[in-house]
Amino acid sequence: WLKILSRPPYPHQHTQIPMAEGAPAEATGPQYFVGLDVGSKVVVASSSAKEPFSVSVNVNGLSNRDTPNVCAFDGKQRLMGEAAEGRVNGLPKAVLTHLITAMGKGSDVLERKDHYGWQWDLKVEDGEKPATIGPVTFGPDDAEPLELAPAHVLSMVLQEVIRYGQQDPTRPGTTADTPFELAIAVPDHFNDQEMGSVKAALSLLKLPNATTHLIRSSAALASAYVHKEGSNMASTPDAPRHIAIVDVGYTHASVNVLTFTVGEEGKISAELKACASKPNSGVFAILKHLFDQACKQIKSKHGADVPLASKRGYRLITALTKALKELSMLNDASVVLECFLPDDVDISLNFTRASLEESISDILGQLRTTLKEALTAAGSLELHSVEIVGGGCRIPCVQSCISQETGVSTLRTGLDGSSCIGTGAAVWAAGKRPLPAVDLEAVPTVVDDEQLAKCREQEAYIAGIHDKEVGRLGKRNELEARIYEIRGWLSGGDRALLHPTVVEPAMDKLQLWFEDAEMEDTTYEQYAEKHQELETLLEAEAGEFMEKVRQDKLKKEEEMKQAAEEEAKRREELGMNFDRDDRVMKKEDRLRLAVNNKDEGNDMFKAQKYDDAVRRYKKALEHLRRPELVNNATPDEKATMDSTATSCHLNSAQCYLKAAALAEADKGKNGGEPFYKKARTSCDEALEINPESIKALFRRATCLEKLGETDMARKDIQAGLKIAPEDGDLKKADARLEKLQAKEKEKAKAMYGKMFG
């Protein structure tokens, strides 16, 4: 169904906001601001009270800019985000995927279960009331399975991801007691029942020092637009500016038509003219068409069916997500899944952009309808521009559809399509509020006080078991690490100082105990007792060596402290602590600064100062995103911008690759993983500008190989060979990856053979 809002979903239509960014908050007020984009994934952004409109996207523990809105229950642990997603194949009924779509009436949620292929259980006793998730196994073996309110599970994820904004390392000194302002953005198409579920989730959050607001995505987008274009609008205040923002996200497509007006003293007013939104018409709906194509190929070649709501279905959808990204840039894509069918049968699937475009004609038709309804509801307006956001807007036929219906040939991508709602929510929290928040008092209560009390009881029970298990595993890991460390000492040059005739037999005995403990339900206290026994033995038998270890540690800490102080002094002298530049200047000057920053980054790279080089490249990219360039560049300037941006992304990737190699040398194989992920992201951004960049394909393949994604790495190499078939480096990489794929395949077959006989 199509939801058209003839009036904005707010108490009133527009709010006056000053363009001045204002003074920092008083010490008693909020000390920082956090914004959340809550969808199939959650994006967190934040800023400090000192610089409220200098907003950064906060990464999670894996350095990713977004976190899957997923929760899982694994034994006695509760997992979130990527850690939860990783348990889908092993614990399909305990991994709660697509959480945002579980809000609202039970009858609606039941339909979505089929649409998205959830594997977890759901109960609906009254179709007009929220559903119940479960039963879900959690806790001790004899524990009763859990039955959970969707709002409660959503609150678990929100509680976790908000920490990313609270613990921003660029804001030292903030604690759990520091007051802050929080804005949470949810999809525009949410009805009263869905908003009621979100309201219940907010009431379950434990944030005593937060002032929390619930806003619609359209409000966040309006704030993001004012944040990006405000200075440009203030310099040309002659007439109202009408814009359309088209968001084709994972679950839905929406169109917002807004009017911005610059008044006296640079004040901007915003009015939401129309908002049209269609659920179940986003990227996932497109993926389902690819899924259908894949199932037909599998049926034709292997005679097998693949249900969406199955382990194989989830694995296939995950692979097709990557294929869809490829089809957004290339004319064809392939998917290879090893040991996918019974008897270790591999599958190979091929897709073309043309076949995809033909198959999604119904989705494009729905998007056309959504666009027409929004533009009609907004009235006869001459659009200043059309901004596109959301992953679906990267697909060429989607862009063509938007251009045709709006009559605007050049679509703008100045708002960061993946993080602009999160960034806009943070900007809204900090004070740029062209559209007001949702009136929570007017949102219906769908989870009553008694149900909320039950949720809080369940939360205390779950948190207690989880925290105890995490503590137990932490102590176990601490002991294991100490055992390995001492084993290393015994093999080193100071072996004699360790009194090996006593310590070595004791370590052998402890090793045997540890291996037996793995098979038993060993408690935190037992691990702690063994750890203490070990430390007592070391002090008694190897006191001289242990004192030497302590002194070496103190010396190293002092050296690190001095190095940090010298680095801070150097950065201050270079002016690198004040990289942000919000000045309004001529586009020629802005472009010149971008090129200069890129050149500075190259100089720092040559000097092996990779961190400084990346910062210069980021600064250059900030200049290139400024409105005076984005909106007014000539074709020649646009070519220079693209060339400069591509170089910055490629060079940043090379810096991260260098940093990864250093980290691996220092911390072992896993030490480089965060840097390989950052390098991959830089390559992704370079390929968005130039899909045929050989350097970007080669470097991304390097990252993917290091991250264990051999199939995807070889795809990049083969894509490069299509462009440059005689490239020697690509040929060598292809041969190496082909051998690696063969080894991995044999290893997988051997493993599955052992598992299934």
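Just so you know, the residues in each chain are numbered from 1, in the order the chain's sequence is written. In keeping with the model being predicted, local features are shown solely for residues with a pLDDT of at least 70 and side-chain atom pairs are shown and tallied solely at 80 or more, while totals for entire chains, interfaces and linings include all residues. Each side-chain value is derived from all of the structure's non-hydrogen atoms; neither hydrogens nor water enter the calculation.

Draft legend 1. Quick look at the sheet that holds strand E11 (residues 132-136). Strands are labelled as partners when DSSP assigns at least two bridges between them. Strands here mean DSSP runs of E at least two residues long; helices mean DSSP runs of H or I at least four residues long; both are numbered from the N terminus. Spatially, the three strands line up as an open sheet ordered E10-E11-E12, and their pairing is antiparallel. Two strands close off the open sheet at either side, each with one partner strand: strand E10 (122-123) and strand E12 (146-148).

Draft legend 2. Up close: the side chain of Lys-432. Looking at the secondary structure, you find Lys-432 in the loop between helix H11 (420-430) and helix H12 (449-490). N or O atoms within 3.5 Å of each other form a polar contact, as long as, within protein, one can give a hydrogen and the other can take it, and as long as residues adjacent in sequence are counted only when both atoms are side-chain atoms. In terms of polar contacts, Lys-432 uses its side chain to reach the side chain of His-227, at 3.4 Å.

Draft legend 3. Spotlight on the environment of Ala-645. Tracing the chain through its elements places Ala-645 in helix H19 (residues 635-667). Placed 23 residues apart in sequence, Ala-645 and Glu-622 show a C-alpha to C-alpha distance of 9.8 Å. In this analysis, two residues are considered to be in contact whenever any of their non-hydrogen atoms come within 4.5 Å of each other. Setting aside its immediate chain neighbours within four residues, Ala-645 contacts Leu-621, Leu-624 and Ile-689.

Draft legend 4. Region of the structure containing the confidence of the model for the protein chain. pLDDT is a residue-level measure of predictor confidence that goes from 0 to 100. Counting all residues, the mean pLDDT for the protein chain is 88, and 92% of those residues have values of 70 or more. Of the regions scoring below 50 in pLDDT, residues 1-27 engages in 76 contacts with residues more than four places distant in sequence or in other chains.

Draft legend 5. Fine view of the sheet that holds strand E8 (residues 77-80). The strand order across the open sheet formed by three strands is E8-E7-E9, and the pairing between neighbours is antiparallel. What marks the edges here is a single partner per strand, and that holds for E8 and strand E9 (95-96). For strand E7 (residues 71-74) and E8, the ladder comprises four bridges, and the chain directions are antiparallel. What sits directly across from Asp-74, in E8, is Gln-77. In this description, a line fitted to the C-alpha atoms serves as the axis of each element, helices being fitted only across the stretch in contact, and the angle between N-to-C directions of two axes falls anywhere from 0 to 180 degrees. The strands touched by H12 within the sheet are E7 and E8, with E8 carrying the most contacts at an inclination of about 95 degrees.

Draft legend 6. Region of the structure containing the pattern of salt bridges. Between Lys or Arg on one side and Asp or Glu on the other, a salt bridge is scored when a side-chain nitrogen of the former is within 4 Å of a carboxyl oxygen of the latter. Scanning the entire structure with this criterion turns up 46 salt bridges. For Asp-346, the salt bridge goes to Lys-745, with nearest N and O atoms at 2.7 Å. Linking Asp-346 in strand E19 (residues 345-352) with Lys-745 in helix H23 (residues 728-756), this pair joins segments that are 399 residues apart in sequence. Residue classification places Asp-346 among the buried positions, given a relative accessible area of 19%. Note that Asp-494 and Lys-548 form a salt bridge whose closest N and O atoms lie 3.4 Å from each other. The buried label applies to any residue whose accessible area, calculated with a 1.4 Å probe on protein chains only, is under 20% of its type's maximum; exposed applies above 50%, and partly exposed to all values in between.

Draft legend 7. Structural detail: the side chain of Thr-522. Tracing the sequence through the fold places Thr-522 in the loop between helix H13 (500-518) and helix H14 (524-541). Residue Thr-522 is classed as buried on the basis of its relative accessible area of 3%. Within the local environment of Thr-522, its side chain forms a polar contact with the backbone oxygen of Ala-517, the two atoms lying 2.9 Å apart. Once residues within four sequence positions are removed from consideration, Thr-522 is found in contact with Arg-472, Trp-513, Ala-517 and Tyr-527.

Draft legend 8. The packing of aromatic side chains, seen in detail. What counts as a ring pair is set by centres within 6.5 Å for rings of Phe, Tyr and Trp (its six-membered ring), and what kind of pair is set by the plane angle: stacked under 30 degrees, edge-to-face over 60, tilted for all other angles. For the structure on display, the rule yields ten aromatic pairs. Pairing Tyr-116 with Phe-284 gives two aromatic rings, centres 4.8 Å apart and planes at 40 degrees, and the pair type is tilted. With a gap of 168 residues between them, Tyr-116 in helix H2 (residues 106-116) and Phe-284 in helix H6 (residues 283-302) connect regions that are remote in the sequence. For Tyr-116, a relative accessible area of 2% gives the class buried. Here Phe-284 falls in the buried class, since its relative accessible area comes to 2%. Considering the side-chain rings of Trp-489 and Phe-545, the 5.0 Å spacing of their centres and the 65 degrees angle between planes classify their relative orientation as edge-to-face. Here Trp-489, found in helix H12, pairs with Phe-545, found in helix H15 (residues 543-574); they are 56 residues apart in sequence, far enough to count as distant. Classification of Phe-545 as buried rests on a relative accessible area of 4%. Aromatic rings pair up to connect Tyr-116, Tyr-250 and Phe-284 into one cluster.

Draft legend 9. Structural view of the nonpolar core. Residues Leu-36, Phe-73, Leu-316 and Ile-402 are the most contacted members of the largest nonpolar core, which totals 114 residues. For this core, the element with the highest residue contribution is H6, accounting for ten residues. Beyond its immediate stretch of four places on either side in the chain, Phe-73 contacts Arg-78, Leu-91, Ala-94, Leu-96, Val-136, Thr-137, Phe-138, Leu-146, Leu-148, Met-156 and Ile-462. By nonpolar core we mean a set of buried residues, namely Ala, Val, Leu, Ile, Met, Phe, Trp, Tyr and Cys, connected to one another through side-chain atoms within 4.5 Å. Formed by 37 residues, the second largest nonpolar core is a distinct cluster that contains Ala-183, Ala-224, Ala-430 and Leu-435.

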